[in-house]
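Chain by chain, the residues:
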Amino acid sequence: MSLIPKKGTVYVVDDDEAVRDSLQWLLEGKDYRVRCFDSAESFLTRYDPREVACLIVDIRMGGMTGLELQDRLLERKSPLPIVFITGHGDVPMAVNTMKKGALDFIQKPFDEQELLGLVERMLDHAREAFTDHQQAASRDALLSKLTGREAQVLERIVAGRLNKQIADDLGISIKTVEAHRANIMEKLNANTVADLLKIALGQTTAKA
């Protein structure tokens, strides 16, 4: 067994067994983890959104088409990067998929080097999306610790309101605002107001 870590997962969805086998052979030879499906329906039941992965899918298939699969993934707010396999007559359709967020499309018969370059580009996108997702989840977990009143105070801190203005807005004393502010800083692990703003606005806080 190879000890070299896999570069990422490539999902291949195509109802043509020869195409699936060809892509699997090519990609596994470059140390990608490949998972093949003969239909969009079977892919949807097995797709793991927690994986750093990308999707190569045929536009025209029996049952759910590649276009319909893209729509399903968009409904789920999936960040999965997609490249479509197209026949010559499907190019206008493929262009439309890119307007919906597909990364690219490749025509049959496809160029192997072009395909490998696309896969690497898609996985770069997937890694960025995965990192963003993890950071958003971490941020949401921190913000969920705040009480309703603390969330109101934080909203006004982010808006640049002073303690006295926040006190007037919420009908509470300045001392109470200061107490809420201290609690917010502690719950969000923020040492400075700048840290607080980065967390509240969803930016990455640099670690010392």
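Structure: see above.
Everything numeric here is computed off the predicted structure, so don't read it as measured data.

**Q** Describe in detail the environment of Leu-74, supporting the description with residues and values.
**A** Along the chain, the position of Leu-74 falls in helix H3 (residues 66-75). Between the alpha carbons of Leu-74 and Thr-192 there is a distance of 38 Å; along the sequence they are 118 residues apart.

**Q** Before we move on, could you go through the sheet that holds strand E4 (residues 82-86) and cite the residues and values that matter?
**A** Sheet architecture is open: five strands sit in the order E2-E1-E3-E4-E5, paired in parallel fashion. Lying at the two open borders of the sheet, with one neighbouring strand each, are strand E2 (33-37) and strand E5 (104-107). The average undirected angle you get between the axes of adjacent strands in this sheet is 20 degrees. Inspection of the sheet shows strand E3 (residues 53-58) paired to E4 by four bridges, in the parallel sense. Note on E4: the bridge partner recorded for Asp-58 is Ile-85. In this fold helix H4 (residues 91-99) packs onto E4 and E5, with an angle of close to 160 degrees to the strand it touches most, E5. In this fold helix H5 (residues 112-143) packs onto strand E1 (9-13), E3, E4 and E5, with an angle of close to 135 degrees to the strand it touches most, E3.

**Q** Now, about the pattern of salt bridges: what can you tell me, with residues and values included?
**A** Counted by the stated rule, this structure contains 10 salt bridges. Put simply, Lys-108 and Asp-58 hold a salt bridge, and the shortest N to O gap is 3.4 Å. Placement of Lys-108 in the loop between E5 and H5 and of Asp-58 in strand E3 is noted, with a sequence separation of 50 residues between them. By relative accessible area, Asp-58 is classed as buried at 5%. If you follow the salt bridges from partner to partner, you end up with Glu-120, Asp-124 and Arg-127 in one network.

**Q** Which residues make up the packing of aromatic side chains, and what are the values?
**A** Applying the stated criterion across every chain, the model contains five aromatic pairs. Seen from their ring centres, Phe-37 and Phe-43 are 5.7 Å apart, and the 75 degrees between their planes marks the pair as edge-to-face. Considered together, Phe-37 and Phe-43 belong to a single accessibility category, that of buried residues. Grouping aromatic residues by their ring pairs yields a cluster made of Tyr-11, Phe-37, Phe-43 and Tyr-47.

**Q** Can you lay out the layout of surface pockets for me, pointing to particular residues and giving the numbers?
**A** Here the second largest pocket is characterised by a volume of approximately 240 Å³. Ranked by the residues each element gives to the lining of the second largest pocket, the list is headed by H5, at four residues. Taken together, the residues of the lining of the second largest pocket sort by class into nine nonpolar, two polar and four charged.

Definitions and cut-offs
Residues numbered from 1 in each chain as written. Predicted model: local features only at pLDDT ≥ 70, side-chain atom pairs only at ≥ 80, totals over all residues. Heavy atoms only, no water. Helix = DSSP H or I, 4+ residues; strand = E, 2+ residues; numbered from the N terminus. Pairing = 2+ DSSP bridges. Axes fitted to C-alpha atoms, helices over the stretch in contact; angles between N-to-C directions. Contact = heavy atoms within 4.5 Å. Salt bridge = Lys/Arg side-chain N within 4 Å of Asp/Glu carboxyl O. Buried < 20%, exposed > 50% of the residue type's maximum accessible area, 1.4 Å probe, protein only. Phe/Tyr/Trp six-rings, centres within 6.5 Å; stacked < 30°, edge-to-face > 60°. 1 Å grid on protein atoms, 1.4 Å probe; cavity = no way out; pocket = protein on both sides within 12 Å on 5 of 7 lines; lining within 4 Å. Points joined across faces, edges and corners; volume = space filled by probe spheres on them. Nonpolar A, V, L, I, M, F, W, Y, C, P; charged D, E, K, R; others polar.

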